[in-house]
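The primary structure of each chain is shown beneath.
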Amino acid sequence: MDERTLRVLEYDAIRHRLAAQAACGLGKEAALRLTPAATRAEVARLLDETQEARDLLAEAGRPPLGGAADVRAQLYSAARGGTLHPRDLLDIANTAHASRRMRAFLQQAAERMPLLAERAPRLGVFREIEDLIARAIDHRGEVLDTAGDELRAIRQRMRRLQEVIARRLQAVIHSANYARLLQEPIITVRNGRYCVPVRSEFKGEFRGIVHDSSASGATVFMEPFAVVQVNNELREAQAAEEHEVARVLARLSARVGEEAEAILQSVEALAELDLIFARAGLAEEMKVVRPDLDRTGRLELFEARHPLLEGRVVPIDVRVGDEFRALIITGPNTGGKTVTLKTVGLLTLMAQSGLHIPASPGSRLPVFGRVFADIGDEQSIQQNLSTFSSHMTQVVNVLRHADGDSLVLLDEIGAGTDPAEGAALAKAIIMELVGRGARVLATTHYGELKVFAYAQPEVENASVLFDPVTLEPTYEVRIGAPGSSNAFAIASRLGLSAELLRQAAEMMGESQVRLYEVIERAERDQRDLSEERRQTARARMDLEKTKAEYERMLADLRAERKQRLREAREEARRIVSRAKQRTEELLNLLRRSVQEAREAKDAIAREAELIARYAPAEAETVEVPEPAEVGRAAREELEGISEEANEATEEVAEPPEPAPAAPAPPAAEELSPGAWVMVRSVNQRGTVLSPPDERDEVEVQVGILKIRVARAELAPAEEPAVTVSWAPPEQRPYGGHVPGELHLRGMRVDAALYELDRYLDQAALAHHARVRIVHGKGLGKVRAAVHERLREHPLVESFRLAEPEHGGSGVTVVEMREGEGAVSYTH
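Computed from a predicted structure; not experimentally measured.

> It is not clear to me how the overall build of the protein should be interpreted in this structure. Could you clarify?
Summing up its helical and strand segments, the protein has 21 helices and 25 strands in all. Put simply, the protein shows about 44500 Å² of open surface, and 51% of that area lies on carbon and sulfur atoms.

> What's the story with the packing of helix H5 (residues 72-79) against helix H11 (residues 260-286) in this structure? I'm lost.
Each pair of packed helices gets described by two things: the angle between the helix axes and the distance between those axes. For the pair H5 and H11, interaxial distance at closest approach is 9 Å and the crossing angle is 170°. In terms of orientation, H5 lies roughly antiparallel with respect to H11. Of H11, the residues touching H5 (which contributes Arg-72, Leu-75, Tyr-76 and Ala-79) are Ala-260, Ile-263, Leu-264 and Val-267.

> I tried to follow the side chain of Glu-244 on my own but got confused; where do I start?
Tracing the backbone through its elements, the reader meets Glu-244 in helix H10 (residues 225-258). Classification of Glu-244 by relative accessible area gives buried; the value is 5%. Here Glu-244 is in contact with Glu-150, Leu-151 and Ile-154, once residues within four sequence places are set aside.

> Hey, could you run me through the sheet that holds strand S2 (residues 193-199) in this one?
Strand pairs in the sheet, formed through backbone hydrogen bonds, run parallel or antiparallel to each other. The sheet built from four strands is open, its strands ordered S1-S2-S4-S3 with antiparallel pairing. The sheet is open, and its two edges are formed by strand S1 (188-190) and strand S3 (208-213), each paired on a single side. Between one strand axis and the next, the sheet turns by 50° as a mean value, whatever way the strands run. Note that S2 and strand S4 (residues 219-224) share four bridges and pair antiparallel. Residue pairing across strands places Val-196 opposite Met-222, the latter belonging to S4. Sheet contacts for helix H9 (residues 149-173): S2 and S4; angle to S2, the most-contacted strand, approximately 10°.

> When you look at unusual backbone geometry in this model, what are you seeing that I'm missing?
Residues apart from glycine generally show negative phi values, whereas peptide bonds are mostly found in trans. Of note in this structure, Glu-10 is not a glycine but carries a positive phi near 60°. Looking at the element boundaries, Glu-10 is found in the loop between helix H1 (3-8) and helix H2 (11-19). With a relative accessible area of 33%, Glu-10 lands in the partly exposed category. A positive phi angle is found at Lys-287, which is not glycine, with a value near 55°.

> Hey, could you run me through the pattern of salt bridges in this one?
Side-chain pairs of opposite charge can arise whenever the charged atoms involved come near each other. Inspection of the entire model under this criterion finds 53 salt bridges. For the salt bridge of Arg-364 with Asp-294, the shortest nitrogen-to-oxygen distance reads 2.9 Å. Residue Arg-364 is found in strand S9 (residues 364-365), and its partner Asp-294 is found in the loop between strand S5 (292-293) and strand S6 (299-304); the two are separated by 70 residues along the sequence. Residue Asp-294 is classed as buried on the basis of its relative accessible area of 10%. In this structure, Arg-436 engages Glu-432 in a salt bridge whose closest nitrogen and oxygen atoms are separated by 2.9 Å. Of this pair, Arg-436 and Glu-432 both sit in helix H14 (residues 419-436), four residues apart, roughly one helical turn. What makes Glu-432 partly exposed here is its relative accessible area of 37%. When salt bridges that share partners are traced, they join Arg-45, Glu-49, Glu-118, Arg-119, Arg-122, Glu-272 and Arg-279 into one network.

> Could you clarify how one ought to interpret the packing of aromatic side chains in this entry?
The relation between two aromatic rings is expressed through the spacing of the ring centres and the mutual angle of the planes. Inspection of every chain in the model, using the stated rule, returns one aromatic pair. The positively charged end of Arg-180 is found above the aromatic ring belonging to Phe-202, 5.3 Å away from the centroid.

> Where do I start with helix H21 (residues 781-792) in this structure?
Residue pairs three or four apart in sequence face the same way in an α-helix, which turns once every 3.6 residues. Its 12 residues give H21 an end-to-end C-alpha distance of 18 Å, which sits within 8% of 16 Å, the value for a rise of 1.5 Å per residue. If you check which residues of H21 are buried, you get Val-782, Ala-785, Val-786, His-787, Arg-789 and Leu-790. Elements that come into contact with the buried residues of H21 comprise helix H20 (749-765), strand S22 (770-774), strand S23 (796-801) and strand S24 (811-816).

> Honestly, the side chain of Asn-461 in this entry has me stumped. Any pointers?
Here Asn-461 shows up in strand S13 (residues 459-467). Under the relative-accessibility criterion, Asn-461 is labelled buried at 0%. At 2.9 Å, the side chain of Asn-461 and the backbone oxygen of Lys-450 are in polar contact.

> Just to check I follow, could you spell out the pairing of strand S16 (residues 684-690) for this structure?
Note on strand geometry: in a regular strand, side chains alternate between the two faces of the sheet. As paired elements, strand S15 (residues 676-679) and S16 share four bridges and run antiparallel to each other. Across the sheet, the residue bridging to Val-679 is Gln-684, located in S16. Sheet analysis places S16 next to strand S17 (residues 697-702), joined by three bridges and oriented antiparallel. Bridging across to S17, Ser-690 finds its partner in Glu-699. The antiparallel pairing of S16 with S17 creates a hairpin that spans six residues between the two strands, and Asp-696 there sits at a positive phi of about 60°.

Quick notes on the rules
Residues numbered from 1 in each chain as written. Predicted model: local features only at pLDDT ≥ 70, side-chain atom pairs only at ≥ 80, totals over all residues. Heavy atoms only, no water. Helix = DSSP H or I, 4+ residues; strand = E, 2+ residues; numbered from the N terminus. Areas by Shrake-Rupley, 256 points an atom, 1.4 Å probe, with all protein chains shown as cover. Axes fitted to C-alpha atoms, helices over the stretch in contact; angles between N-to-C directions. Parallel < 35°, antiparallel > 145°, perpendicular 65-115°, else oblique. Contact = heavy atoms within 4.5 Å. Buried < 20%, exposed > 50% of the residue type's maximum accessible area, 1.4 Å probe, protein only. Pairing = 2+ DSSP bridges. Salt bridge = Lys/Arg side-chain N within 4 Å of Asp/Glu carboxyl O. Phe/Tyr/Trp six-rings, centres within 6.5 Å; stacked < 30°, edge-to-face > 60°. Lys NZ or Arg CZ within 6 Å of the ring centre and 35° of its normal. Expected span 1.5 Å × (residues − 1). Polar contact = N/O pair within 3.5 Å; in protein donor to acceptor, adjacent residues only side chain to side chain.

Right, dumping it as structure tokens:
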């Protein structure tokens with residue numbers, strides 16, 4: 001992009017706002033070097049990366065980029081064999097730590113953020129280097145004792161020597177013999193040697209070596225002879241420590257040098273990611289949107305705002321590149337013409353830099369290879385250029401490079417010279433740029449250019465609006481009609497007399513006055529039309545939002561339906577599984593019954609033999625059924641129940657793909673009470689309770705429910721399998737253990753009623769006189785269903801809620817009916 005264009009469009013201010021969003025110096029530097037991309041693929045990727053980063057910020061918060069530093073120079077030095085400073089090594093460790101955390105951060109969001117995740121492999125993991133530096137250097141940049149065994153031993157010796165020196169000097173400063181010689185009883189260090197302050201007049205009496213003196217000369221700092229040798233040993237240990245520290249730093253630097261290239265790649269990836277998240281942070285701060293990229297060269301901005309303006313900013317709608325390639329903007333001074341050019345230019349540069357723009361959704365921009373802007377008065381005294389010459393110099397540069405892939409912004413085109421010549425030049429320049437295929441926005445005060453725009457199909461007029469009542473600009477842009485400069489209205493407001501204004505109008509000429517009147521009428525009509533279009537656009541956007549909301553709700557409903565269907569299938573499987581278990585229990589009971597029947601048959605046979613022996617010959621023979629036949633018949637019946645249950649499960653789990661043709665609904669005369677029908681809407685069988693009424697609706701009993709459905713929703717159905725019942729000839733205890741209470745909490749109503757029936761049968765067989773049903777409180781649906789079933793159950797004498805201390809409304813106490821012992825199962 002042309003550097004002058006970046007300057008006049010204030011692109012650098014955007015760079016600085018972007019840099020303020022960066023988390024580390026790497027990102028700040030990258031932000032300040034930012035330039036717009038020039039290919040559609042690159043711009044699309046940049047915008048998508050910014051959107052992914054915005055989504056990730058909203059979902060997971062700020063990325064773990066803290067601690068990353070620009071360590072490229074240190075890495076180059078280490079790679080060449082240089083020894084790094086402890087602080088440099090600490091920065092490298094922190095950067096490696098940021099690389100590792102950022103890699104994990106991106107990998108966790110890889111499926112949702114594929115573009116950002118592509119950068120994760122470039123972020124290296126250098127755990128060994130992190131640990132080596134962490135063990136050797138603390139957060140202040142000091143080399144630790146843990147950096148090496150030799151260093152630890154040296155420092156331990158230094159501490160022992162310092163303790164010896166401290167004890168001996170403490171003895172000196174607290175000695176009565178030296179009290180009068182010392183300036184004050186303290187220990188100090190001079191030139192690396194431990195000393196005490198001695199009065200100058202007594203330095204001859206004090207046994208020691210002078211190392212320094214005070215500025216006034218009243219005090220000398222002397223090293224007592226008692227600590228000279230120990231001080232010497234301490235200095236030797238300090239030299240050894242320095243040597244060992246240097247060796248530790250050299251070893252760490254060499255290890256960093258081995259990984260310098262990989263760490264450098266991670267540093268570059270961190271800089272790129274920091275810039276991406278800075279773009280996302282700026283987008284969130286400015287409350288902006290991702291623009292659409294147009295392939296046809298059409299530029300269309302809705303409610304665009306200049307990002308650097310503060311306070312109340314009037315949004316503008318601008319378009320160019322569809323029906324027309326050039327837009328000539330006219331209107332009064334300070335009306336917003338120049339701001340319109342800068343807004344279009346700066347938003348174009350932002351979008352091509354991967355930045356989202358302050359505009360409404362649906363705004364679209366093409367990707368321009370070049371953007372040219374000649375905005376502002378750049379009269380140059382040093383170069384002896386007038387305003388006109390300065391503008392023409394820039395226009396010549398534009399004409400030298402502009403093509404069909406260019407956006408050209410020209411402020412006050414042709415100004416600064418004779419109006420007729422300037423207007424003629426302006427028309428020629430605009431037509432030349434339009435002929436090359438460039439998109440052009442130009443501002444002017446020349447009336448000839450307004451007429452010119454009407455005559456050229458590739459050129460369109462636009463105006464910045466002016467309120468004729470308040471005589472103030474509204475800063476709105478209207479496309480399709482030119483604007484007037486409103487010089488007479490502004491001059492009148494500023495106090496120019498009406499007589500002078502009349503004379504000026506006469507000097508303009510009648511035709512010119514009529515032209516401005518026509519323009520004003522056109523402006524009014526255009527304002528009305530634009531307002532209607534704005535309202536239509538708002539209605540369309542509201543409709544689209546409503547449609548999107550409806551589609552989202554529909555998707556949610558479909559997902560919820562699938563979830564409910566899965567739950568229903570699972571519940572059906574559980575119910576059928578319990579049915580099979582109960583069937584097996586019935587079979588066991590039947591087996592015992594058959595055994596008892598066999599024993600009874602033997603007894604009857606013996607009795608019959610006696611009767612036959614002693615009874616008359618004409619006595620009637622007693623027929624005794626074979627127990628095996630009874631058991632076989634019951635088993636076949638129960639196996640049929642099990643098969644039907646399995647088929648029902650398969651139908652729920654795997655619904656048939658092609659729906660069979662629905663049978664014709666039964667005739668009204670066929671729907672007599674007690675007739676079996678299939679209710680299509682719930683895919684369940686039921687019995688007719690009442691014939692069709694005047695609305696052709698039928699009352700049907702489906703399970704425990706009574707429902708009214710249209711006759712068209714019914715189909716004939718066969719009567720279900722026959723009820724299998726067994727009652728023992730006498731009461732005897734149930735074979736298994738039956739607890740004294742049943743827990744139904746957490747169950748659905750259908751499952752709870754099934755368990756209740758099963759439990760009451762077992763409790764009756766076990767001769768329980770009283771049982772407890774624990775159904776919980778909740779919403780009370782299960783409790784109400786349980787009480788309804790208990791009222792009509794043949795095994796129940798009475799029931800009541802438990803006392804508050806024993807469960808209250810969450811437990812029902814049931815008194816069983818004496819003498820009952822029936823087991824029943826119906827499918």
